[in-house]
Amino acid sequence: MRGQAHTLEAFTAAVLIIGGLLFATQATAVTPLSASTSNQHIENQQQASIEGLLSATAANGTLSEAVLYWDAQNGTFAGTPDRGTYPEGPPNAFGEALNDLLLDRRIAFNVNVRYPAPNAEDETDVEEMVRMGEPSANAVAATRSVGLYDGSNLSAPDDDRSLEAVQSDPDAEFYAPETDTTSRLYTVVEVEVVAWRK
């Protein structure tokens, strides 16, 4: 009789423990909008990919070509629609790399070029290169600095003048003003890529 009582107690305890575990696991629901380590992992991967792209394009010169892909007569990046920004990667090697890395994976992105504001210390202005919309809350960003020199040439299809030549032409303009008149360095701009899943 005593053995049966112990067996019954053990069985009841097991049922209570299993019931408690089932209740606990169902009490915390995971929804598609819940923050998770997998979402964070994806965002970290995206940021690392963008940093790698910026590093590679800076090393092979296509990043500086992209920031110099400027129409000095119209005051916009070359070949942009009326709004003055590209709806996807620009029509150059940097734009192709962006589209391959992000757009083909249904990841939206904006590209901003920051440069020192004229006559203001520690302030920057922004020239938008690509504008695909307003970034979401889970957007990631990466930046890379690019040095431009007096002898750096524009890379637009119909204009390959140097920045020095553009500056001396009253009918032409470049978005970033010269910040260093004591050396060959014209200015340093910062390219920022902000990306988010559509």
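Note that the structure is predicted; figures quoted are calculated from it, not measured.

**Considering the pattern of salt bridges**
- Within this structure, the stated rule accounts for five salt bridges.
- One salt bridge in this structure joins glutamate 134 and arginine 131, with 3.0 Å as the shortest N-O distance.
- Relative accessible area serves as the criterion here: at 26%, arginine 131 is assigned to the partly exposed category.
- Among the ionic pairs, arginine 161 bridges to aspartate 159, the shortest N-O distance being 2.9 Å.
- With a relative accessible area of 23%, arginine 161 lands in the partly exposed category.
- By relative accessible area, aspartate 159 is classed as buried at 13%.
- The network of salt bridges with common partners includes Glu128, Arg131 and Glu134.

**Digging into the sheet that holds strand S5 (residues 140–149)**
- One open sheet accounts for four strands, arranged S4-S3-S6-S5; its pairing is antiparallel. At either end of the open sheet lies a strand with only one pairing partner, and these are strand S4 (124–130) and S5. Each neighbouring strand pair of the sheet contributes to a mean axis angle of 25°, computed without reference to strand direction.
- Sitting on the sheet, helix H4 (residues 93–101) touches strand S3 (107–116), S4 and strand S6 (185–197), and the angle it makes with S3 is about 145°.

**A look at the environment of valine 146**
- Relative to the helices and strands, valine 146 is located in strand S5.
- Separated by 42 residues in sequence, valine 146 and valine 188 have C-alpha atoms that sit 5.6 Å apart.
- Residues in contact with valine 146, not counting those within four places in the same chain, are Leu63, Ser64, Val67, Thr187, Val188, Val189 and Val191.

**What about the packing of aromatic side chains?**
- The final tally for this structure, using the stated rule, is eight aromatic pairs.
- Taking 5.6 Å as the distance between ring centres and 45° as the angle between the ring planes, the aromatic pair formed by phenylalanine 77 and tyrosine 175 counts as tilted. One end of the pair, phenylalanine 77, is in strand S2 (residues 76–77); the other, tyrosine 175, is in the loop between helix H5 (163–167) and S6, and 98 residues separate them in sequence. The pair formed by phenylalanine 77 and tyrosine 175 is uniform in burial state, with each residue classed as buried.
- Among the aromatic residues, those joined into a cluster by ring pairs are Trp70, Phe77, Tyr86, Tyr115, Phe174, Tyr175 and Tyr186.

**So, the pairing of S6**
- Pairing of S3 with S6, which is carried by eight bridges, proceeds in the antiparallel orientation. Following the sheet pairing, asparagine 112 is matched in S6 by glutamate 192.

**Some details on the nonpolar core**
- Val67, Phe94, Met129 and Phe174 are the most contacted members of the largest nonpolar core, which has 41 residues in total.
- Counting residues per element, the ones that place at least two in this core are helix H2 (37–60), helix H3 (62–67), H4, S3, S4, S5, H5 and S6.
- Ignoring any residue separated from it by four or fewer positions in sequence, one finds valine 67 in contact with Phe77, Val113, Met129, Val146, Leu148, Phe174, Tyr175, Val189 and Val191.

**What about the pairing of S3?**
- Of all the 10 residues making up S3, eight are buried; the element is thus mostly covered by neighbouring parts of the structure.
- Of the pairings in the sheet, the one linking S3 to S4 comprises six bridges and is antiparallel in character. Along S4, the bridge assignment pairs asparagine 112 with glutamate 128.

**A short note on the confidence of the model for the chain**
- For the chain, the average pLDDT comes to 86, and 81% of its residues sit at 70 or higher.
- Across the chain, element-level confidence peaks in H3 with a mean pLDDT of 97 and bottoms out in helix H1 (residues 2–27) with 65.

Definitions and limits used
Residues numbered from 1 in each chain as written. Predicted model: local features only at pLDDT ≥ 70, side-chain atom pairs only at ≥ 80, totals over all residues. Heavy atoms only, no water. Salt bridge = Lys/Arg side-chain N within 4 Å of Asp/Glu carboxyl O. Buried < 20%, exposed > 50% of the residue type's maximum accessible area, 1.4 Å probe, protein only. Pairing = 2+ DSSP bridges. Helix = DSSP H or I, 4+ residues; strand = E, 2+ residues; numbered from the N terminus. Axes fitted to C-alpha atoms, helices over the stretch in contact; angles between N-to-C directions. Contact = heavy atoms within 4.5 Å. Phe/Tyr/Trp six-rings, centres within 6.5 Å; stacked < 30°, edge-to-face > 60°. Core = buried A, V, L, I, M, F, W, Y, C linked by side-chain atoms within 4.5 Å. pLDDT = per-residue confidence, 0-100.

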